[in-house]
Amino acid sequence: MSNNDIRIDERYISFKNINCFENACCVIDNMLRVLEKPKNMNIYWKKIVPMIPKAYYTRDPKDDEKEAVLYLVCSNSFYLDELFEKANDEKGMKALSVCELECC
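Residues numbered from 1 in each chain as written. Predicted model: local features only at pLDDT ≥ 70, side-chain atom pairs only at ≥ 80, totals over all residues. Heavy atoms only, no water.

The name given to the chain in an unreviewed UniProt entry is CO weal-nitrogenase, with Arcobacter defluvii as the source organism.

K.L.:
Got a minute to help me understand the side chain of Asp-64 in this structure?
P.N.:
Looking at the element boundaries, Asp-64 is found in the loop between α3 (54-58) and α4 (68-75). Excluding anything up to four places from it in sequence, Asp-64 contacts Phe-21, Ala-55, Val-69 and Leu-70. (Helix = DSSP H or I, 4+ residues; strand = E, 2+ residues; numbered from the N terminus. Contact = heavy atoms within 4.5 Å.)

K.L.:
Help me understand the packing of helix α1 (residues 20-35) against helix α5 (residues 77-86) in this model?
P.N.:
The geometry of a pair of packed helices is captured by two quantities: the angle between their axes and the separation between those axes. Their axes nearest at 11 Å, the elements α1 and α5 cross at an angle of 50°. Taken together, the axes of α1 and α5 are oblique relative to one another. The chirality of how α1 crosses α5 is left-handed. Here α1 contributes Val-27, Asn-30, Met-31, Val-34 and Leu-35 to the contact with α5, which in turn contributes Leu-80, Leu-83 and Phe-84. (Axes fitted to C-alpha atoms, helices over the stretch in contact; angles between N-to-C directions. Parallel < 35°, antiparallel > 145°, perpendicular 65-115°, else oblique. Left-handed = near helix turned anticlockwise from the far one by under 90°.)

K.L.:
How do you make sense of α1 when you look at a structure like this?
P.N.:
Count 3.6 residues to each turn of an α-helix, and residues three or four apart come out pointing the same way. The end-to-end C-alpha distance of α1 is 22 Å, a good match for the 22 Å that 16 residues give at a rise of 1.5 Å each. Among the residues of α1, those classed as buried are Cys-20, Phe-21, Asn-23, Ala-24, Cys-25, Val-27, Ile-28, Asn-30, Met-31, Val-34 and Leu-35. The secondary structure elements touched by the buried residues of α1 are α2 (43-48), α3, α4, α5 and α6 (90-102). (Expected span 1.5 Å × (residues − 1). Buried < 20%, exposed > 50% of the residue type's maximum accessible area, 1.4 Å probe, protein only.)

Following this line, the structure appears as structure tokens:
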């Protein structure tokens, strides 16, 4: 094994002690809060909201074996950023920033 090889047990060390499931749930919490105002809701979000995985509602990461909650957030980060910016929602922008930097 050369010095540049990554051992299997070290491969994901940068994600140790990061709760990506909860980070993604926090983004969705903020998204749903912002979308409560009708002016923020549009056809895009009407399609996305029903796609929120069951694990988000149960808040049980064991229900999210395929990391669907995190995938939903990361794959829509551009649109979420736009949503939070248009709503001037600092809390949502911060939650998204943390999730993107730590998990996406």
